[in-house]
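# Observations on chain architecture
Each chain, letter by letter, is given below.
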Amino acid sequence: MNDAPIVLQAIKLLKRIEGAITHTLVNEIDLDVRKGEFLAITGPSGSGKSSLLYLLGLLDSPTSGEVVVCGLETSKLSETERADVRLTKCGFVFQFHFLLPEFTALENVLLPLRTNGKLSRSEMTERATHLLSTLGLASQLHKRPFQLSGGQRQRVSIARALANSPEILVADEPTGNLDAASTEQVFALLRDIADQGQTVVVVTHDSGLAARADRRINIVDGKIAETTFGGRRAATPQPAPAAPVEAAAADAPAAPPPLPPQPKAAE
Ligand SMILES: Nc1ncnc2c1ncn2[C@@H]1O[C@H](COP(=O)(O)OP(=O)(O)OP(=O)(O)O)[C@@H](O)[C@H]1O
Ligand SMILES: [Mg+2]
């Protein structure tokens, strides 16, 4: 597809749950994902999509095989090192937003920045505010999740996932709970994130959305049954709109806003 570096690699990735009956959730999957690629994972319910995604995002460990993140063979890392790679190189978005209900939108985005501890307090606030603003949420900073719409909550969780500028964003049915307009907006955001150089791996049941990815892999019984290339991939960088959004249309599913630059001190 292109010669961008491979940032995520699965090598003979196997996840098996042993019990009275042995379940093979992920069955020796080989996969290379490049910088800036938008990869969609589809497949029937129970086929192993989430299991694969959790392995790729280091939320789970394989029975055998390897996940290589930015050149790091993660099976060789200590738990602490794995946690660090997870924090700094992988961002997660789930179907259910998993925002902390007692925290505001801003505080939820600050959490991973605080855990990473690379920025000063004012830089963290600036970064979180900027991220939320560019996702159209400047006027929602101090609201708690229950005071936000589903689409707004999901955008907060995308902002949280992007907080530490991860190389890889993984999302498990991020639009599964959203209406059509919010689905379009969230998907456009993910597309934009990939177009700006971060790698996006998204599980979706929506084949219309999956068709807009650079590549779609269809999982059946824990294996890649089919790979389709396509989607819109700009040959040149997308021109950034002149000004960040917000008031213009906080909830309009129009063109996605430009994403903020990488944080100064995260590396
Ligand atoms: N801890 C577990 N023990 C046994 N089986 C499991 C476990 N976790 C998942 N499974 C099984 O593994 C298979 C794959 O599950 P997974 O959640 O990855 O599917 P999925 O493709 O994401 O499905 P969905 O589209 O419904 O989210 C399913 O059959 C599931 O029941
Ligand atoms: Mg799933």
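The paragraphs below set out a description of the structure included in this document.

Moving on to the overall build of the chain. Regarding its fold elements, the chain presents seven helices and 10 strands. The 267 residues of the chain split such that 43% are buried. When contacts within the chain are restricted to residue pairs at least 6 apart in sequence, those whose partners lie at least 24 apart make up 71%.

In globular proteins that are soluble, nonpolar side chains generally tend to be buried together. Within the largest apolar cluster, 63 residues are counted, with the highest numbers of intra-cluster contacts made by Val109, Leu132, Leu190 and Val201. For this core, the leading source of residues is helix 6 (residues 180–195), giving six residues. Residue contacts for leucine 132: discarding those within four places in its chain leaves Ala105, Leu106, Val109, Leu137, Ala138, Leu141, Val156 and Ala159.

Turning our eyes to something else, we now look at the sheet that holds strand 5 (residues 72–73). With antiparallel pairing, the four strands of this open sheet are ordered in space as 2-1-4-5. Looking at strand neighbours, the two that pair on one side only are strand 2 (23–34) and strand 5, the edges of this open sheet. Of the pairings in the sheet, the one linking strand 1 (residues 6–17) to strand 4 (residues 64–69) comprises five bridges and is antiparallel in character. The residue of strand 4 that forms the bridge with alanine 10 is valine 67.

Strand direction decides the pairing type here: strand 1 and strand 2, joined by nine bridges, are antiparallel. Residue arginine 16 lies in a different strand from strand 2, and its bridge partner there is threonine 24. The antiparallel hairpin formed by strand 1 and strand 2 contains five residues in its connecting segment.

Time to look at the environment of lysine 12. Checked against the element boundaries, lysine 12 lands in strand 1. Between the C-alpha atoms of lysine 12 and valine 67, which are 55 residues apart in sequence, the distance is 9.0 Å. Every residue in contact with lysine 12, bar those within four places of it in the chain, is listed here: Glu28, Asp30 and Gly65.

Our next topic: the site of ligand 1. Near ligand 1, the surroundings consist of Ile17, His23, Leu25, Gly43, Ser45, Gly46, Ser47, Gly48, Lys49, Ser50 and Ser51. In terms of residue count, the dominant contributor to the shell around ligand 1 is helix 1 (residues 49–56) (three residues). Tallied by class, residues from the shell around ligand 1 come to two nonpolar, eight polar and one charged.

This part covers the sheet that holds strand 9 (residues 215–220). In a beta sheet, neighbouring strands are held together by backbone hydrogen bonds and run either parallel or antiparallel to one another. The six strands lie next to each other as 6-7-8-3-9-10, forming an open sheet whose pairing is mixed. The open sheet has two free edges, formed respectively by strand 6 (90–93) and strand 10 (223–229), since each of these has just one partner strand. Geometrically, the sheet is characterised by an average inter-axis angle of 20° between neighbouring strands, direction not taken into account. As paired strands, strand 7 (residues 168–172) and strand 8 (residues 199–203) are joined by five bridges and run parallel to one another. Across the sheet, the residue bridging to alanine 171 is valine 202, located in strand 8.

A few words now on unusual backbone geometry. Even without a glycine there, the phi angle at cysteine 70 is positive, about 50°. As for its placement among the helices and strands, cysteine 70 is situated in the loop between strand 4 and strand 5. For cysteine 70, a count of 19 C-beta atoms within 10 Å corresponds to the partly exposed category. You will see that aspartate 221, though not glycine, has its phi angle at about 50°, which is positive.

Criteria and cut-off values
Residues numbered from 1 in each chain as written. Chains lettered and ligands numbered in written order. Predicted model: local features only at pLDDT ≥ 70, side-chain atom pairs only at ≥ 80, totals over all residues. Helix = DSSP H or I, 4+ residues; strand = E, 2+ residues; numbered from the N terminus. Buried ≥ 20, exposed ≤ 12 C-beta atoms within 10 Å, placed from the backbone. Contact = placed C-beta atoms within 7 Å. Core = buried A, V, L, I, M, F, W, Y, C linked by C-beta atoms within 7 Å. Pairing = 2+ DSSP bridges. Near = placed C-beta within 6 Å. Nonpolar A, V, L, I, M, F, W, Y, C, P; charged D, E, K, R; others polar. Axes fitted to C-alpha atoms, helices over the stretch in contact; angles between N-to-C directions.

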